[in-house]
Amino acid sequence: MKRPFRLSCIALALASSLTLPIRAADAKKPNILVIVADDLGYGETTMQGFTQEIPTPNIDSLAKSGVRFTSGYVSGPYCSPTRAGLMTGRYQQRFGHEFNPGPAEASAPNFGLSLEEKTIGDRLKAAGYATGWVGKSHLGYLPQYHPLKRGFDEYFGFLGGAHDYLDAAADPHNPILKGTEPVNNIGYTTDAFGQQAINFIDKHKAEPWFCYLAFNAVHAPLESTEKYLSRFSNIDERKRRTYAAMQSAMDDAIGAVLAKVREIGQEENTVIFFISDNGGPTAQTTSANGPLRGFKAQTWEGGIRVPWAMQWKGHVPAGQVDDRPVIQLDILPTAMAAAGVTAQPEWKLDGVNLLPYVTGEKKEPPHEALYWRFGQQMAIRKGDWKLVKAPGGGVEGGERVGIATTQGAQLYNLAKDIGEQTNLAEQEPEKVKELAAAWDEWNKGNIPAKWAPGGRRKASPAAVK
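Definitions and limits used
Residues numbered from 1 in each chain as written. Predicted model: local features only at pLDDT ≥ 70, side-chain atom pairs only at ≥ 80, totals over all residues. Heavy atoms only, no water. Helix = DSSP H or I, 4+ residues; strand = E, 2+ residues; numbered from the N terminus. Contact = heavy atoms within 4.5 Å. Areas by Shrake-Rupley, 256 points an atom, 1.4 Å probe, with all protein chains shown as cover. Pairing = 2+ DSSP bridges. Axes fitted to C-alpha atoms, helices over the stretch in contact; angles between N-to-C directions. Salt bridge = Lys/Arg side-chain N within 4 Å of Asp/Glu carboxyl O. Buried < 20%, exposed > 50% of the residue type's maximum accessible area, 1.4 Å probe, protein only. Polar contact = N/O pair within 3.5 Å; in protein donor to acceptor, adjacent residues only side chain to side chain. 1 Å grid on protein atoms, 1.4 Å probe; cavity = no way out; pocket = protein on both sides within 12 Å on 5 of 7 lines; lining within 4 Å. Points joined across faces, edges and corners; volume = space filled by probe spheres on them. Nonpolar A, V, L, I, M, F, W, Y, C, P; charged D, E, K, R; others polar.

Draft legend 1. A look at the overall build of the chain. Helix and strand content of the chain: 13 helices and 16 strands. If you take every contact in the chain between residues at least 6 apart in sequence, the share linking residues at least 24 apart comes to 70%. As displayed, the chain offers around 18,800 Å² of accessible surface, 53% of which is attributable to carbon and sulfur atoms.

Draft legend 2. Local environment of the sheet that holds strand S7 (residues 181-182). The 10 strands lie next to each other as S7-S6-S5-S4-S8-S1-S9-S10-S2-S11, forming an open sheet whose pairing is mixed. Lying at the two open borders of the sheet, with one neighbouring strand each, are S7 and strand S11 (320-322). Examined bridge by bridge, strand S1 (residues 31-37) and strand S9 (residues 270-276) share 7 bridges and lie parallel to one another. Considered in S9, the bridge of leucine 33 is made with isoleucine 272. Across the sheet, helix H11 (residues 331-338) is in contact with S1, S9 and strand S10 (308-311); its angle to S9 comes to roughly 175 degrees.

Draft legend 3. A look at the pattern of salt bridges. Counted by the stated rule, this structure contains 26 salt bridges. Among the salt bridges present, the one from glutamate 53 reaches arginine 240, with a minimum N-O distance of 2.7 Å. You can see glutamate 53 sitting in the loop between S1 and helix H3 (57-64) and its partner arginine 240 sitting in helix H8 (residues 238-263), a full 187 residues away along the chain. With a relative accessible area of 34%, glutamate 53 lands in the partly exposed category. The partner of glutamate 434 in a salt bridge is lysine 382, and the shortest N-O contact between them spans 3.2 Å. You can see glutamate 434 sitting in helix H13 (residues 429-443) and its partner lysine 382 sitting in strand S14 (residues 377-382), a full 52 residues away along the chain. We classify glutamate 434 as partly exposed; its relative accessible area is 32%. A relative accessible area of 23% means that lysine 382 is categorised as partly exposed.

Draft legend 4. Spotlight on H11. Of all the 8 residues making up H11, 7 are buried; the element is thus mostly covered by neighbouring parts of the structure. Three or more residues of H11 are buried, namely Ile331, Leu332, Pro333, Thr334, Ala335, Met336 and Ala338. Directly after H11, the chain includes glycine 340, whose backbone phi takes a positive value near 85 degrees.

Draft legend 5. Region of the structure containing the side chain of threonine 70. Within the secondary structure, threonine 70 sits in the loop between strand S2 (67-69) and strand S3 (72-73). Threonine 70 gets classed as buried once you look at its relative accessible area, which sits at 13%. A polar contact of 2.5 Å, which involves the side chain of threonine 70, links it to the side chain of aspartate 323. Excluding anything up to four places from it in sequence, threonine 70 contacts Tyr42, Arg305, Val321, Asp322 and Asp323.

Draft legend 6. Helix H4 (residues 79-88), seen in detail. Most of H4 is tucked away: 10 of the 10 residues are buried. Buried residues of H4: Cys79, Ser80, Pro81, Thr82, Arg83, Ala84, Gly85, Leu86, Met87 and Thr88, and no others. At its buried positions, H4 is contacted by S1, helix H5 (120-126), strand S4 (130-136), strand S8 (209-214), S9 and H11. One or two steps after H4, the chain reaches glycine 89, where phi turns positive at roughly 70 degrees.

Draft legend 7. Representation of the environment of leucine 139 in the model. The topology assignment puts leucine 139 in the loop between S4 and strand S5 (154-158). When the C-alpha atoms of leucine 139 and leucine 159 are compared, they prove to be 7.1 Å apart, with 20 residues separating the residues in sequence. For leucine 139, the residues in contact, after removing those within four places along its chain, are Ser80, Arg83, Ala84, Met87, His97, Phe111, Gly112, Leu113, Trp133, Tyr145 and Leu159.

Draft legend 8. Highlighting the sheet that holds strand S13 (residues 370-374). Read across the open sheet, the 4 strands follow the order S13-S14-S15-S16; overall the sheet is antiparallel. Whereas interior strands pair on both sides, the edge strands pair on one side only; in this sheet they are S13 and strand S16 (410-413). Put simply, the sheet's adjacent strands are angled 10 degrees from each other on average, direction ignored. Relative to S16, strand S15 (residues 385-389) runs antiparallel, the two sharing 4 bridges. Looking at the pairing, leucine 387 lines up with leucine 411 of S16. Strands S13, S14, S15 and S16 of the sheet are contacted by H13, whose axis makes an angle of about 70 degrees with S13.

Draft legend 9. Molecular detail of the layout of surface pockets. Of the voids in this model, the second largest pocket is the one considered here, and its volume is about 190 Å³. Gly102, Pro103, Tyr141, Gly161 and Ala162 are, among the 15 residues lining the second largest pocket, the residues nearest its centre. Its residues assigned to classes, the lining of the second largest pocket comprises 5 nonpolar, 8 polar and 2 charged.

Draft legend 10. The environment of isoleucine 447, seen in detail. Relative to the assigned elements, isoleucine 447 resides in the segment after H13. Isoleucine 447 sits in the partly exposed class, given a relative accessible area of 22%. For isoleucine 447 and glycine 96, which are 351 residues apart along the polypeptide, the C-alpha to C-alpha distance reads 5.6 Å. For isoleucine 447, the contacting residues outside a window of four places in its chain are Gln93, Arg94, Phe95, Gly96 and Arg373.

This is the structure in structure tokens:
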């Protein structure tokens, strides 16, 4: 009589154990590494094939071992809005994060990534990951917006939009921080950020880790050390030579981080994303956008189409070149899917999980359309077609686009005209109306910008959340 009872108890215990949460270590969740370059133009990396002037072998290796998206986009044409979108997986216009804030001492008092939004750090930390942020933030200066309050266990970087590369203490309003404490004498910032990422990865190698590595390279000011400048003695023009040195330093730092991942035996268990936060500001830094029209802060392709690569060895087939449009909003849902977490409807994500697309499971485009709103500039890409309002295209100034999106807009077929040179609006009026209506429908889900560009004036109380 006792034996069946004992067996039933054992069976019940085994069945109960199957319902217990699986520990992160047991699940062997993949690590997540997100690398963001700053103001790196579409045409600059050698993986793109437009130039060989500044070799980027380590960035290129991500494309060779994974997938390079030739129509990879960001949801804003400059720094802070793009990062807000990446952190949340949502168009930043949904929560009013439309513009850069200006420097800390002049920014709007309400500037910061909305506290109503969950970040990729929040979500991966809840999934059992150690979370680290290295480098630029640009998502809020006040304590409540600090990375350590936004889902990250560790932070080393600065909160502003730019920083001196050679002097950590150059700006007292925007210091280099370890956690919340200012640090000095860190050396060249690009080298330091790479080393800090290495330290974080090595420290947490026994558990699933998420490292967000946000370089300030190749953003102005143009500064480098002789170590990197000496590589480009063939470039006579000082500005271009310094830019080349900065880009080469960033590639070296990325290579060192990738080498650490290999050294600890986790290369095939690490999902890696690489993007730039926006297009190159060519006149200011020489960072070029290849065949694309326009620059940083514009909704022409040169402002929003960026170098975009993803690697997950053993899971994503190597050497792919994919022209289906993707956007940095896709990073969060893709990372969560890799971590075994199903995105919930209440997250209201605009990004999608790219894994079934890069593995060949899905052949269709990941997005029916992509959208942009940047003050009075706008754009929508649907298939090969793009409707756009941007500087030099009939609309200048102002704060935001109204409903009458056909007025002053231009139409391009990007498959035939990547440089946006031939406006087809008059020849294709029905396509203009179709895209304008789609953009208007998308825009209904957005709210007004919470602050003006550069923090020149306070937002209205109604816009503050």
